[in-house]
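# Observations on the model geometry
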Amino acid sequence: MEERMKIPHPYLSGNFAPIKRTRPLTRCTHVGHIPEELAGGQYVRNGGNPVISGDVSRDAHWFDGDGMLTGVLFRQGKNGAGDLEPEFVNRYALTDVFLNAKNNCNLKRPLLPSIATLISASLRTVIAAVARTLILVFLSRLPGSRRAVKRISVANTGVIYHDGRALATCESGPPMRFQLPTLETIGWYNGRRAENERGSDDKAGFGGYGPMAFMREWTTGHPHVDPVTGELMLIHVVLTKPFVYYSIVPRASTADPCLNMPIPGLRSPKMMHDFGVSSLHSVIMDLPLSLDPMNSVRGKTVISYNPAERSRFGIFPRYQPEKIRWFETNPCVIFHTANCWHTTSTTPEAETCVHLLACRLTSASVVYSAGALRPPTPKTIPSEYVEEEQCRLYYYDFPLAKESLDVVPTIRNQWALSAIPFEFPALSPSYAMRAARYVYGCSTGVSSYSGTPGKAVKMDYVAKIDAATLIKRGNAQSPQQIKGCVDTRGIDEVLKSTNADDPVKLFRMPEGWFAQEPTFVPRRGAETEDDGWLLTYVFDESQLNDKGECDEDAVSELWIINARNMRDVITRVRLPQRVPYGLHGAWFPKGDIASQRPFDAVRQEMSTELRMSPLSVVRDTIERWIG
C-alpha cells in the first residue's frame, strides 16, 4: 500500500472531520444586507460526512462518506422581502448504506471500500474489501437488518434541480430526491419517478431490466440541465462494454425519456466524473484514468492513471450518440467541466465548432493527496507529454468538419486561459450551454491542487475569470498548443493589478480562513452577466485547538460576495455549527421550492430496537465478526 502521509487521517480531522449533529431549520444571526433576490430561496451544498468515523487511522478519502446536505434558507419575514431571516439546516441523505449503518454497533468501518483502498492497495486487500462489502450487503437482506442495501450510492457529490425535483447525486447509483427546504429524503429517482412519489409510471428507469441493470443506473455526479429546454442530460459509466450510456430526461412528464443509450468507442472502463453539454452536442472524456477491477490482475490498482496514454474527447449530437467523433490529445485528468457551447460560421465554408472549458490537471496526484497517499513514482514518458504539475482552466476548440475517411478529427485550439490554479468552476446558470463570459471558481496560494494533504483542497481565494476576453486574446495570438497559457501571471501578480477590467480577479480570504465552491446568484434585472453574488461557506481555522481539531463550539459562516467587483462581502451569516469542507452546491430560488412535485412519504431512520430471531442472531454474529 502507498505510504500514508499523516496520522490521524487529515481528511477525518480539522474542518474535514465529519459533523456529528444534524439540525432542523434553525434561525441564524447575520451581519450586512441580504439581497432581496434571495428571498424565499435556499443554498444547499453536498459532501461526504461518514456516519461511521471512529477509526481515524483507516483508509479514507475526501470523496468517501455518507452524503450530508447543508443548507441556508432565506425565509421571508412578516414584513415582506425586506425582512429576511436566514435559517440553517443539515441532514443526511438517507441512502440504503446510511440507514444500514446508522446506530449499527457491528460496523467498525464504512460498508463500502474507500477510494484510497482502490488506488493504493494490493490485489489481496482489494479482494478482501470487496468481499466484505458483498457479504454485508447480503446480510442486510436477512431478518434483523436495519435496512436492506439495494443500492450502494452514498449520494454525497452534487445537488441539482430538475422538473420539480431536487436531487442529490453520486456516481455509484441513481440520483436521490430530497425535499426543499427541510432537506428530508424522499427516495431514489430512476428517470421517470422517485420513490414515494404519487403516480403510476412503473416502466423501467435508469438501468432497464436484466442482471446488469443495477450497474447501468450508476449516474454521473454532474448531470446537466439545459436552461432553455429544461432537458436533463446524464451519463452512466459501467464496468462492461460499451462502458458508458447516455440518458435524456425531458422537462414535461408527458414526454418519454431516452434512457441508457449506448455510447460507442470506449475501449475500457474509466473514472468519468463529468462531461460537457452544449445546446446541440455532448462531450464525453475518455481520459487515461481507469476504474477497472481487471487492473488488479494486470498488477495495477483498480483506479490507475497512465501518463503515457492519450486523452480522447468524444463529441456527438445530443440525440445521436451513435454519431460520436473522437479527438485525441496529450494525457490529462479532468474532473469538472465549466461550460460547453457551439458556434457556426459560413466563411470560408460552413463549419460548426464545439467549445469546452474545463479544469485540466496534468496528473492524477490530487486523487492520491485527497486520500492522504503519496502518488506512485512517475513512469518515464515521452518528452512531448511532460508538463509541470498544475490545474488550470483550459479552453478546447473542436471543429466538426464534414465526415470523411481522409480527415482525422483535430483539436484546433487547446490552451490554458490563466496560470492560476483553478477548480470547482461555476457560472451564471442562465448562461450555461452558451458562450458565457465569466467563470467563477476556487484557487489556492500553493502551486497546484496536488500538494500536501489538506492544503491541496483548502481554498484561500475565490476566482473570477473573464473567459471570453482571454479566448479572444488567445485566438488573436495563439499560445503554444496544449502546454501554453494566455495569461501567464501567477497569484501574486494578479493581486497586484489595479486594472478594473482585469480578466482575472481574485477575492482573497483573510489569513487562516478558507472558502468552498462558490455558487452564483444573479441580481433581478441584472445589467451585466456578472451582476449578482457568490455564495460560499467559509471557516476560520483559528478555531482549531492545539491538536488541529475542531471543538464542539466551532462554527462556519455563509458569505455573500459581490461578484461584480470581487471585493465586497455584503453579508456574513453566522451558522450554529461548522460546515466541513465539502463538494458541490446549488442555489434553489423561491419558485423552484414552490413548484416541487407532491409526494406521499419521506424516508425515515430505523428504530434502534430490532426484533430478534434465530436467523437474525446468526446474521448479527457474522456482521459483527466482519464489520
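Reference entry: report on the structure contained in this document. (Residues numbered from 1 in each chain as written. Predicted model: local features only at pLDDT ≥ 70, side-chain atom pairs only at ≥ 80, totals over all residues. Heavy atoms only, no water.)

## Overview of the side chain of H281
In this fold, H281 is placed in strand β15 (residues 281-286). Setting aside anything within four residues of it in sequence, one finds H281 in contact with G276, I315, F316, P317, R318, T352, V354 and L400. (Helix = DSSP H or I, 4+ residues; strand = E, 2+ residues; numbered from the N terminus. Contact = heavy atoms within 4.5 Å.)

## Regarding the nonpolar core
Among the nonpolar cores identified, the biggest contains 42 residues, and L289, F335, L357, V367, L393, L417 and I420 are the most heavily contacted of them. When residues in this core are grouped by element, the largest group, 4 residues, is from strand β20 (residues 333-345). Beyond its immediate sequence surroundings of up to four residues, V367 is in contact with H61, I119, L289 and F335. Counting residues in hydrophobic clusters, the runner-up holds 20 residues, among them V283, F327, I411 and A416. (Core = buried A, V, L, I, M, F, W, Y, C linked by side-chain atoms within 4.5 Å. Buried < 20%, exposed > 50% of the residue type's maximum accessible area, 1.4 Å probe, protein only.)

## Examining the environment of P227
Within the secondary structure, P227 is located in the loop between β10 (224-225) and β11 (232-237). In this structure P227 comes out as partly exposed when scored by relative accessible area, which is 36%. Sequence separation between P227 and Y438 is 211 residues, and the spatial gap between their C-alpha atoms is 17 Å. Once residues lying within four places of it in the same chain are set aside, the contact partners of P227 are P429, S430, A432 and M433.

## A closer look at the packing of aromatic side chains
What the rule picks out here adds up to 26 aromatic pairs. Judged by centre distance (5.5 Å) and plane angle (45°), the rings of F313 and F398 are tilted. One end of the pair, F313, is in strand β18 (residues 311-317); the other, F398, is in strand β22 (residues 391-400), and 85 residues separate them in sequence. Side by side, F313 and F398 carry an identical accessibility label, which is buried. Here F327 and F398 contribute two aromatic rings whose centre-to-centre distance is 5.1 Å and whose plane-to-plane angle is 65°, an arrangement assigned as edge-to-face. Taken as a pair, F327 in strand β19 (residues 325-329) and F398 in strand β22 lie far apart in primary sequence, 71 residues in all. An aromatic cluster of three or more residues is present, and its members are Y11, F16, W62, F63, F335, F424, F539 and Y581. Over the face of the ring belonging to F514 we find K458, whose NZ or CZ atom lies 5.6 Å from the ring centre. (Phe/Tyr/Trp six-rings, centres within 6.5 Å; stacked < 30°, edge-to-face > 60°. Lys NZ or Arg CZ within 6 Å of the ring centre and 35° of its normal.)

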